[in-house]
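Structure at a glance
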Amino acid sequence: PDSSFVGDALSKHWMVPGNIANYIPYHFNPIGGQFYSLHSNGQIRGFNGAGGGSCNGTSCPHWSMLDSNASTVNIAASSSKLFQLHSTGLIWEFMGVQCSQSNSCPSWRMIDNNSKTVQITSGGGRLYQRWNSGAIWRYTNTPCSGNNCPGWQLLDNNSATVEIVASGSNLY
């Protein structure tokens, strides 16, 4: 990238991924009201706020890449939390550091590994998942240890459930 662009980006504490000498990814610091985008190629990007800049042609450097995984099919966010669901049923929680390169996004921890998961939603900082059987689970903030993922509480097991929505502390 152009050196003036790099200097401007560093002064604002945001950066597009790439190989820039001495670049260390900063903590993205998600806040309530933050918004995110999931691209068709699996990239998750977080908006850096009103002071983050404006687009220049097709380049919009005010978005930070938080992950790049083609298996990502859904994201859910609320309060300062961000989660992603992979097509395999893996669920990941964002831990606050943007990608340092497009293939180096280490700031995610696995919180579930269940192929029955078909949907996630979040409200009031809580995460919920729906299984293909209609079962609804709430995350209790205990991450996985290896492939053991005990951090879930069963809320309902109704085969007629086809979608869930969370708003604030309510689940619908």
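Criteria and cut-off values
- Residues numbered from 1 in each chain as written.
- Predicted model: local features only at pLDDT ≥ 70, side-chain atom pairs only at ≥ 80, totals over all residues.
- Heavy atoms only, no water.
- Helix = DSSP H or I, 4+ residues; strand = E, 2+ residues; numbered from the N terminus.
- Contact = heavy atoms within 4.5 Å.
- Disulfide = S-S within 2.5 Å.
- Buried < 20%, exposed > 50% of the residue type's maximum accessible area, 1.4 Å probe, protein only.
- Pairing = 2+ DSSP bridges.
- Axes fitted to C-alpha atoms, helices over the stretch in contact; angles between N-to-C directions.
- pLDDT = per-residue confidence, 0-100.
- Phe/Tyr/Trp six-rings, centres within 6.5 Å; stacked < 30°, edge-to-face > 60°.

Topic: the overall build of the protein
- When its secondary structure is counted, the protein shows 1 helix and 13 strands.
- Along the chain direction, N to C, the helices and strands of the protein fall in the order α-β-β-β-β-β-β-β-β-β-β-β-β-β.
- Of the contacts formed within the protein by residues at least 6 apart in sequence, a portion of 50% connects residues at least 24 apart.

Things to note about the state of the cysteines
- This model, assessed by the stated rule, comprises 2 disulfides.
- At a sulfur-sulfur separation of 2.0 Å, the disulfide partner of Cys99 is Cys105. Measuring handedness by torsion sign, the sulfur bridge of Cys99 and Cys105 sits at about 105 degrees and is right-handed.
- Classification of Cys99 by relative accessible area gives buried; the value is 1%.

A look at the environment of Asn147
- As for its placement among the helices and strands, Asn147 is situated in the loop between β10 (135-139) and β11 (152-157).
- Take Asn147: its relative accessible area is 64%, and that puts it in the exposed class.
- Separated by 37 residues in sequence, Asn147 and Met110 place their C-alpha atoms 8.9 Å apart.
- Leaving out residues up to four positions away in the same chain, Asn147 has contacts with Met110 and Asn113.

Some words on the sheet that holds strand β8 (residues 117-123)
- If you walk across this open sheet you meet the 4 strands as β8-β9-β10-β11, and the pairing is antiparallel. The two strands at the open ends of the sheet, each matched to only one other strand, are β8 and β11. When strand polarity is set aside, the average angle formed by the axes of neighbouring strands in this sheet is 25 degrees.

Focus on the environment of Ala76
- By the secondary structure assignment, Ala76 is in strand β4 (residues 72-78).
- Along the primary structure Ala76 and Gly125 are separated by 49 residues, whereas in three dimensions their C-alpha atoms are 10.0 Å apart.
- Beyond its immediate sequence surroundings of up to four residues, Ala76 is in contact with Lys81, Leu82, Phe83, Ile120, Thr121, Ser122 and Leu127.

Topic: the confidence of the model for the protein
- Per-residue pLDDT for the protein averages 82, and the proportion of residues at 70 or more is 77%.
- Low confidence marks residues 4-27, where pLDDT is under 50. Its contacts with residues over four positions away, or in another chain, come to 45 contacts.

Quick notes on the packing of aromatic side chains
- Scanning all chains against the criterion turns up 6 aromatic pairs.
- Geometrically, the ring pair formed by Phe35 and Phe47 is stacked, given 4.7 Å between the ring centres and 15 degrees between the ring planes. Linking Phe35 in the loop between α1 (3-11) and β1 (36-38) with Phe47 in strand β2 (residues 43-47), this pair joins segments that are 12 residues apart in sequence.
- Both rings, one in Tyr139 and one in Trp152, keep their centres 5.1 Å apart while their planes meet at 45 degrees; by these two values the pair is tilted. One end of the pair, Tyr139, is in strand β10; the other, Trp152, is in strand β11, and 13 residues separate them in sequence. In this structure, Tyr139 and Trp152 share a single accessibility class: buried.
- Chaining the aromatic ring pairs together yields one cluster made of Phe35, Phe47 and Trp63.

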